[in-house]
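Summary of the model geometry
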Amino acid sequence: MKMGADSETIVKTCVQLANQTPGLDFVILTGDLLQDGEPYNLDMIRHYLDQLKMPYYAVLGNHDMSPVHAHDVKGPIFPGISKSVFTWAFQGHGFQGPDYHWSQTVAPGLKLVGLDTTVPGTWGGTVPAKTLAWLERELAASKGQLVIPIAHHNLIEFTPDDHQHTRNFLVDNAPQVRAVLEKYRPTVQVAISGHHHLSGRRDHQGITYLTNPSTTTWPMEYTTYQLRSDKLTYQVKALPLPPAMVDEARRNLLAESWWHPRGAPTTEPAKTEAILSQYRGQPSDRSGTIGLQPR
Ligand SMILES: [Fe+2]
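All residue numbers here refer to positions counted from 1 along the written sequence of the relevant chain. It should be noted that, the model being predicted, local features are given only for residues of pLDDT at least 70 and side-chain atom pairs only at 80 or more, the latter also being counted only at that level, while totals for whole chains, interfaces and linings use all residues. Computation of side-chain values: all heavy atoms of the structure, hydrogens and water removed.

It is worth spelling out the overall build of the protein chain at this point. Helical segments are the DSSP runs of H or I of at least four residues, strand segments are the runs of E of at least two, and each set is numbered from the N terminus. A count of helical and extended segments in the protein chain gives eight helices and eleven strands. The atom set for the radius of gyration is the C-alpha atoms, and the globule formula is 2.2 Å times the number of residues raised to the power 0.38. Taking 19 Å as the expected radius of gyration for a compact globule of 295 residues, we find that the protein chain reaches 18 Å, a close match to that expectation. Taken along its principal axes, the extent of the C-alpha atoms in the protein chain is 55 × 40 × 40 Å. Residues classed as buried in the protein chain amount to 50% of the 295 residues present. For the protein chain, restricting intrachain contacts to residue pairs at least 6 apart in sequence, the fraction spanning at least 24 positions comes to 67%. A 1.4 Å probe rolled over the protein chains alone gives each residue an accessible area, and that area as a share of the maximum for its type sets the label: buried under 20%, exposed over 50%, partly exposed in between. Residues count as neighbours in contact if any of their non-hydrogen atoms are within 4.5 Å of one another.

Four donors placed tetrahedrally about a metal ideally form angles of 109.5 degrees, and six donors placed octahedrally ideally form angles of 90 or 180 degrees. Note: metal donors comprise N, O and S atoms at 2.8 Å or less from the metal (3.2 Å for Na, K and Ca); water molecules are not included, so apparent gaps in a site are possible. Every protein donor of the iron ion is accounted for by D32 (OD), N62 (OD1), H152 (NE2) and H195 (ND1), and the metal-donor separations fall at 2.1 to 2.2 Å. A site with four donors is called tetrahedral when every donor-metal-donor angle falls between 85 and 135 degrees; four donors are called square planar, and six octahedral, when opposite donors sit more than 155 degrees apart and all other angles fall between 65 and 115; any other arrangement is irregular. In this structure, the iron ion is surrounded by four donor atoms whose angles at the metal cover 85 to 163°, and the resulting shape is irregular. Mapping the donors of the iron ion onto the primary sequence gives the spacing D-x29-N-x89-H-x42-H. Of the two residues, N62 sits in the loop between β2 (56-58) and α3 (83-89) while H152 sits in the loop between β5 (146-151) and α5 (174-183), which places them 90 residues apart along the sequence. For N62, a relative accessible area of 7% gives the class buried. Judged by its relative accessible area of 1%, H152 falls in the buried class.

Right, let's talk about the packing of helix α4 (residues 129-140) against α5 for a bit. Helices that pack against each other are described as a pair by the angle of their axes relative to one another and the distance between those axes. As a packed pair, α4 and α5 sit with axes 10 Å apart at the nearest point and diverge in direction by 10°. In terms of orientation, α4 and α5 fall into the roughly parallel class. Packed against α4, whose contacting residues are L132, L135, E136 and L139, the element α5 presents Q176, V177, V180, L181 and K183 at the interface. Considering only residue class, the contact of α4 with α5 consists of six nonpolar, one polar and two charged. An axis is simply a line fitted to the C-alpha atoms; with a helix, the fit covers only the stretch in contact. Between two such axes, the angle follows the N-to-C directions and lies from 0 to 180 degrees. We call two directions roughly parallel when the angle between them is under 35 degrees, roughly antiparallel when it is over 145, roughly perpendicular when it lies between 65 and 115, and oblique otherwise. Residue polarity is assigned by list, with Asp, Glu, Lys and Arg as charged and Ala, Val, Leu, Ile, Met, Phe, Trp, Tyr, Cys and Pro as nonpolar; anything else, Gly included, falls into the polar class.

Now for the side chain of T13. The residue T13 is located in helix α1 (residues 7-19) in this model. The exposure class assigned to T13 is buried, which follows from its relative accessible area of 13%. Not counting the four nearest positions on each side in its chain, T13 is found in contact with P240 and L241.

See the structure below:
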């Protein structure tokens, strides 16, 4: 399902597209930049991302460090990079110094905070108490600004079928993390994540949570944002990739039962459509406007 063999083409396409997009101020990468923490993939993706003509900001994903979760490993475990290697490789792209989390003012009155939600050896996530305390201090010091937290793992459930297996899409202390964000409204009104490989929007207690699609799994999309002082507009768009590649990704998604809601078989058209619909998202998952309160 993950189009690893085509990922170099996909990254090149993303970089070209960003560089050709008028008025694009910065790019956010919501983690999982590598397949499984390979040092050579770190060098390769940096080679392409450094060709972006605008700033880019990255957070750690569960595939960006060693060891990876055992279900991804076939044969001996290949020793990949550590969190520190990733953090130092992307200095200036959010990361400033040795911390795995970061805060970056990207425009007057607008700050991004990158959270580290990863736990080496598992594909699940958490926000450690130390990071949560740092986040709270950061939010308390940002009164009057809009702060958008960026996390790899989701901070709220996006799909109704989040059963035991897929709960790892969510940080295990999501209610505590959300309580901190809610405490600091209207400084925080929107939070962005990745990891789930689908497009999602949920409004909860005055905060809108958005999860962004993956570029390397069907439907191979990305999200654009337009921010004004009183609203944030978002739109999910297809990458301009060869149709045969996108069709192969679609077939791979349907053939890989692990990713299906409750392991649904793919032979029945209705269930096939249910799977594709989940990954495509509902209209409100794919585009919309979030009204922003004065800070
Ligand atoms: Fe992930």
